[in-house]
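Chain by chain, the residues:
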Amino acid sequence: MRKTIAYLTLVMVLPLCSIASDWKSYISYHNVTKCLPVDGKVYAIGSGGLFNYTFGDDKVNTYSKSTGLSSTNITHIAYSEELEELVIVYNDYNIDILDVHDSIVNIPQYKNSSYTDKTINDLTVNGENAYLSTNFGVVVINLKKAEYTNTYEIGIKVRSAVGDEDNIYALGPDGIYVGNLDNNLLEKGNWVRKTASYMHKLIPFNDNIYALNTRDGLFSFNTQTFQTTRMAEGPLT
């Protein structure tokens, strides 16, 4: 339990990114806004760019359009442990997949879509799927196939979303909505609000789902009863 809380806190709490102070010489990457620990290294967004730091050999790798990235000004990153791939989202809504060999696959469909408001509020990955939380609903990407699976227009602003084998969970302004994959989730009526708990982010970890409220703490989310249970006191800032 303590190990779980420690890991999730490391992923979510930005002040832990102070380790980036060890990389002061990389001036263009100094403003670190996201840190993501992955298998002996840390990926980070700094000044809209991407770099990673490998523990042990103190090696820093930087990524840019000159190394194959499709765009600039990165806003979100998330990692698939199952596929060993990093998902990268840019502020122009372009999306890249970066594998362990630094090969890059671009997925431009969302960027090129006809949606008027393409704002991406959050990015999560669970297994082979990535979930984009938008102002109209949830977009699901199959990372193994590098293609879009579905776009669900729920009719609410989704703060964060994640899925498992049975459901997709969408965090709205008034609680957590659940869409059962056995139903036609293209129909808004098949998304049901199961809890009115106010949260900021949903986090998949070790086949479980957790919910973060930066003021009140970290909660486990029971996918059978749809109840939240506090695991760590807040605030987490």
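Each remark here, short or long, concerns the structure printed above.
Cut-off values and rules
- Positions within a chain are numbered from 1, following the residues in the order the chain's sequence is written.
- The predicted origin of the model limits local features to residues at a pLDDT of at least 70 and limits the giving and counting of side-chain atom pairs to 80 or more, whereas totals for whole chains, interfaces and linings rest on all residues.
- The basis for every side-chain value is the complete set of non-hydrogen atoms in the structure, without hydrogens or water.
- A run of H or I in DSSP becomes a helix once it reaches four residues, and a run of E becomes a strand once it reaches two; helices and strands are each numbered from the N terminus.
- Polar contact is defined as a pair of N or O atoms within 3.5 Å, subject to the rule that within protein one atom must be able to donate a hydrogen and the other to accept it, and that residues adjacent in sequence are counted only when both atoms are side-chain atoms.
- We define the nonpolar core as a collection of buried residues of types Ala, Val, Leu, Ile, Met, Phe, Trp, Tyr and Cys that are connected through side-chain atoms lying within 4.5 Å of one another.
- Relative accessibility thresholds used throughout: buried, under 20% of the residue-type maximum; exposed, over 50%; partly exposed, between the two (1.4 Å probe, protein chains only).
- Any two residues whose heavy atoms approach within 4.5 Å are treated as being in contact.
- Here a salt bridge means any side-chain nitrogen of Lys or Arg lying within 4 Å of a carboxyl oxygen belonging to Asp or Glu.
- At least two DSSP bridges between two strands are required for those strands to pair.
- Note on method: axes are straight lines fitted to C-alpha atoms, helices fitted across the in-contact stretch only, with angles between N-to-C directions ranging 0 to 180 degrees.

Caption draft 1: Examining the environment of His76 more closely. Relative to the helices and strands, His76 is located in strand β5 (residues 74–80). Between the C-alpha atoms of His76 and Asn91, which are 15 residues apart in sequence, the distance is 8.7 Å. Here the side chain of His76 touches Ile120 through a polar contact of 3.1 Å, landing on its backbone oxygen.

Caption draft 2: Just the nonpolar core, in detail. Ile95, Leu123, Leu132, Ile141, Leu143 and Tyr148 are the most contacted members of the largest nonpolar core, which totals 17 residues. For this core, the elements supplying multiple residues, two or more each, are β6 (85–90), β7 (95–99), β9 (120–126), β10 (129–134) and β11 (137–142). With three residues, β9 is the single largest residue contributor to this core. Those residues within four positions of Ile141 in sequence are excluded, and the remaining contacts are Ile95, Ile107, Glu128, Asn129, Ala130, Leu132, Glu147, Tyr148 and Thr149. Formed by 14 residues, the second largest nonpolar core is a distinct cluster that contains Leu36, Tyr43, Ile74 and Leu98.

Caption draft 3: Broad picture of the pattern of salt bridges. Taken as a whole and judged by the stated rule, the model has four salt bridges. Residue Glu128 is joined to Lys144 by a salt bridge in which the shortest nitrogen-to-oxygen separation is 3.9 Å. With Glu128 in the loop between β9 and β10 and Lys144 in the loop between β11 and β12 (147–153), the pair connects residues that are 16 residues apart, well separated along the chain. On the accessibility criterion, Glu128 (24% relative accessible area) is partly exposed. Residue Lys144 is classed as exposed on the basis of its relative accessible area of 58%. Where Arg193 meets Asp174, a salt bridge forms, and the shortest distance between an N and an O atom there is 3.5 Å. Here Arg193 is found in strand β16 (residues 191–195), whereas its partner Asp174 is found in the loop between β14 (167–172) and β15 (175–180), with 19 residues between them in sequence. Accessibility expressed as a relative area gives 43% for Arg193, which makes it partly exposed. Judged by relative accessible area, which is 32%, Asp174 ranks as partly exposed.

Caption draft 4: The sheet that holds strand β2 (residues 41–46), seen in detail. Read from one edge of the open sheet, four strands run β1-β2-β3-β4, paired in antiparallel fashion. Each edge of the sheet is formed by a strand with only one pairing partner; in this case those strands are β1 (32–38) and β4 (59–63). Across the sheet, the axes of successive neighbouring strands diverge by a mean angle of 20°, strand direction being ignored. Where β2 lies against strand β3 (residues 49–54), six bridges are found, and the strand directions are antiparallel. Within β3, the residue paired with Gly46 across the bridge is Gly49.

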